[in-house]
Amino acid sequence: MSPTRNFIVRLAALAGVLFLGFRYLVSPSIPHRCPGSTSSLQAPVHNPPHHDYILTTPRLTPRANATFLIFAYNADLERTIRTVRSLEDRFNMHHGYPYVLFSPEPFTPEFKRRLRVLTPSPIEFGLIPQDQWTQPEGIDGPRAQVVREKMWRNKARYMSGKVWAHEMLAKYKWAWRVEPGVGLTCDVLVDPFVWLDESGKVVGFTLATKEDEKTADSLWDYTKDFMTHYAQHLATDNSLAFISDSRGQEYNLCSYLSAFLVTDMDFFRSPAYSAFYNYLNTKGGFYYERWSDASVLTLAASVLLKRKQVHLLEDIGFQYGAYSRCPKRANVWENGRCACGQSTRFNDGSESCEKIWKDFMSLADRFGPPPAPPARAEGQGILKGL
Ligand SMILES: *[C@@H]1O[C@H](CO)[C@@H](O)[C@H](O)[C@H]1NC(C)=O
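Residues numbered from 1 in each chain as written. Predicted model: local features only at pLDDT ≥ 70, side-chain atom pairs only at ≥ 80, totals over all residues.

1. With respect to the overall build of the protein chain
Within the protein chain, the secondary structure is distributed over 15 helices and 14 strands. Sorting the 386 residues of the protein chain into buried and exposed places 35% on the buried side. Nonlocal contacts in the protein chain, meaning residues at least 24 apart in sequence, comprise 82% of its contacts between residues at least 6 apart. (Helix = DSSP H or I, 4+ residues; strand = E, 2+ residues; numbered from the N terminus. Buried ≥ 20, exposed ≤ 12 C-beta atoms within 10 Å, placed from the backbone. Contact = placed C-beta atoms within 7 Å.)

Below, the structure is given as structure tokens:
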């Protein structure tokens, strides 16, 4: 570049800077006029200078005695945030239900800060006591598993039993269990807590799937033993026929998805459920066989509750990994502004137990509960009174 051209370029740049500076100084005094209006208006403001421009959602008083229940590790922070955002946006901003989060490790200040900013609802962060979390004494040491496996098993046991008695949950009747990673795909138009409560329901499930066989090896045998020894706790007109295609002989592995389940916790604190959980807990299967909380809760609900106390929440659209459901009814899908397609959902697939549930319920509605199976020589009276 020649010295003359260099000089001209610099001069042009200087002129440009001076021009822009002049415009900046002068422009605030130039009134902006709207076409067709005689009064001068302010320019649109994108960064409101006063705090009273900031919109806040009104705080609401929850209608039901209920809370969200989330089990999360610190490492789940980002997924937990996405889940709570989704619950807030699609449901809770209109209802104001509180949250209770649990972990066996103390939540970090950063974890709490990042969650508290998402909602005006109260959030409590609970620590699971070590003695309730870890493998109980008497469980065979040599069979100890790798750390991740151990954590899974500790969690399955804790979320089947001790969680319901935790002081942070004791003040609520209903819990909506939500696993980090769950996202709502439709607005929830009807408050499920209120609806279930007013309809006399105890469990509201969103999906039922076939469990891995590993999770239930001897669980069914122990459940049958329990039914023999604790017949006083069994409900008549229960949903045993939903989980067993052979009148209580075999378990078909159907279980409610525990990652997204609405439950009346008073049931899980009842003498009937406590007897069931305590009986199973003495058998060690949470550790030896990888029993899942989903199977345990499902078996309990299927034999200890009347079938009409369990309800399939069909109108809730959600996604959780490979699991999903999308409302079928056109008005629910449209009014719920659903982001899911109705045709390719898990709930209709071969691994889903939805058809079994619906067939069972409609048959029982028409013909009453299935007859008790013939008495067996071994374990007589297992199904007495069913
Ligand atoms: C909410 O439910 C719990 C458990 O049933 C109960 O102890 C508590 O008194 C209830 N609170 C209100 C305000 O009804």
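2. A look at the sheet that holds strand β13 (residues 318–320)
Taking strand neighbours across the sheet as the criterion, the three strands line up as β7-β13-β14 in an open arrangement whose pairing is antiparallel. Two strands bound the open sheet, and with one partner strand each, they are β7 (183–184) and β14 (323–325). Bridge count for β13 against β14 is three bridges, and the pairing is antiparallel. Bridge pairing links glutamine 319 to serine 324 in β14. (Pairing = 2+ DSSP bridges.)

3. Some points on unusual backbone geometry
Glycine aside, residues mostly have negative phi, and peptide bonds are mostly found in the trans state. Here leucine 253, not a glycine, exhibits a phi torsion of approximately 70 degrees, which is positive. Along the chain, leucine 253 falls in the loop between α9 (240–243) and β10 (254–256). Non-glycine residue arginine 337 carries a positive phi angle of around 45 degrees. Within the secondary structure, arginine 337 sits in the loop between α14 (330–335) and α15 (354–367). Overall, the presence of 12 C-beta atoms within 10 Å leaves arginine 337 in the exposed class.

4. Observations regarding the environment of leucine 261
Relative to the helices and strands, leucine 261 resides in strand β11 (residues 260–264). In this structure, the C-alpha to C-alpha distance between leucine 261 and threonine 206, residues 55 residues apart in sequence, is 6.5 Å. Discounting residues that sit within four places of it in the chain, leucine 261 has contacts with Arg177, Phe205, Thr206 and Tyr256.

5. Quick look at the site of the ligand
In the vicinity of the ligand, the contacting residues are Asn65, Lys171, Tyr172, Lys173 and Asp266. Looking at side-chain class alone, the shell around the ligand contains one nonpolar, one polar and three charged residues. (Near = placed C-beta within 6 Å. Nonpolar A, V, L, I, M, F, W, Y, C, P; charged D, E, K, R; others polar.)

6. Regarding the confidence of the model for the protein chain
Looking at the protein chain as a whole, the pLDDT averages 83, with 77% of positions reaching at least 70. The low-confidence segment residues 24–40 (pLDDT under 50) makes six contacts with residues lying over four places distant or belonging to another chain. In this model, residues 374–386 is a region of pLDDT below 50 whose contacts with residues beyond four sequence positions or in other chains number 23 contacts. (pLDDT = per-residue confidence, 0-100.)

7. Quick word on the packing of helix α2 (residues 77–90) against helix α3 (residues 109–116)
α3 packs onto α2 with a crossing angle of 20 degrees between their chain directions and a minimal axis gap of 10 Å. Between α2 and α3, the crossing angle belongs to the class labelled roughly parallel. Seen along the crossing, α2 lies across α3 with a hand that is right-handed. For the pair formed by α2 and α3, the contact residues are Leu77, Thr80, Ile81 and Val84 on the first element and Phe111, Arg114 and Leu115 on the second. A per-class count over the contact of α2 with α3 returns five nonpolar, one polar and one charged. (Axes fitted to C-alpha atoms, helices over the stretch in contact; angles between N-to-C directions. Parallel < 35°, antiparallel > 145°, perpendicular 65-115°, else oblique. Left-handed = near helix turned anticlockwise from the far one by under 90°.)

8. Considerations on the nonpolar core
Judged by nonpolar contacts, the single largest core of 81 residues is most densely connected at Phe68, Leu257 and Ala300. Here this core takes eight residues from helix α13 (residues 293–304), the largest share from any one element. With near-sequence residues (within four places) excluded, alanine 300 lies in contact with Tyr273 and Phe276. (Core = buried A, V, L, I, M, F, W, Y, C linked by C-beta atoms within 7 Å.)

9. Topic: the environment of valine 202
The topology assignment puts valine 202 in the loop between α7 (192–198) and β8 (203–205). Between the C-alpha atoms of valine 202 and histidine 311, which are 109 residues apart in sequence, the distance is 8.0 Å. Discounting chain neighbours no more than four positions away, the residues touching valine 202 are Thr263, Asp264, Phe267, Leu305, Gln309 and Val310.

10. Observations regarding the pairing of strand β3 (residues 66–71)
Most of β3 sits inside the fold, with six of its six residues counted as buried. Burial along β3 is two-sided: Ala66, Phe68 and Ile70 and Thr67, Leu69 and Phe71, pointing in opposite directions, are all buried. With four bridges joining them, β3 and strand β6 (residues 174–178) adopt parallel strand pairing. Looking across to β6, one finds that phenylalanine 68 is bridged to tryptophan 176. Pairing analysis gives four bridges linking β3 to strand β4 (residues 99–103), with the strands arranged parallel. Residue pairing for β4: phenylalanine 68 is matched across the bridge by tyrosine 99. Viewed along the sheet, the connection from β3 through α2 into β4 turns out right-handed. (Right-handed = clockwise from strand over helix to strand, strands pointing away.)

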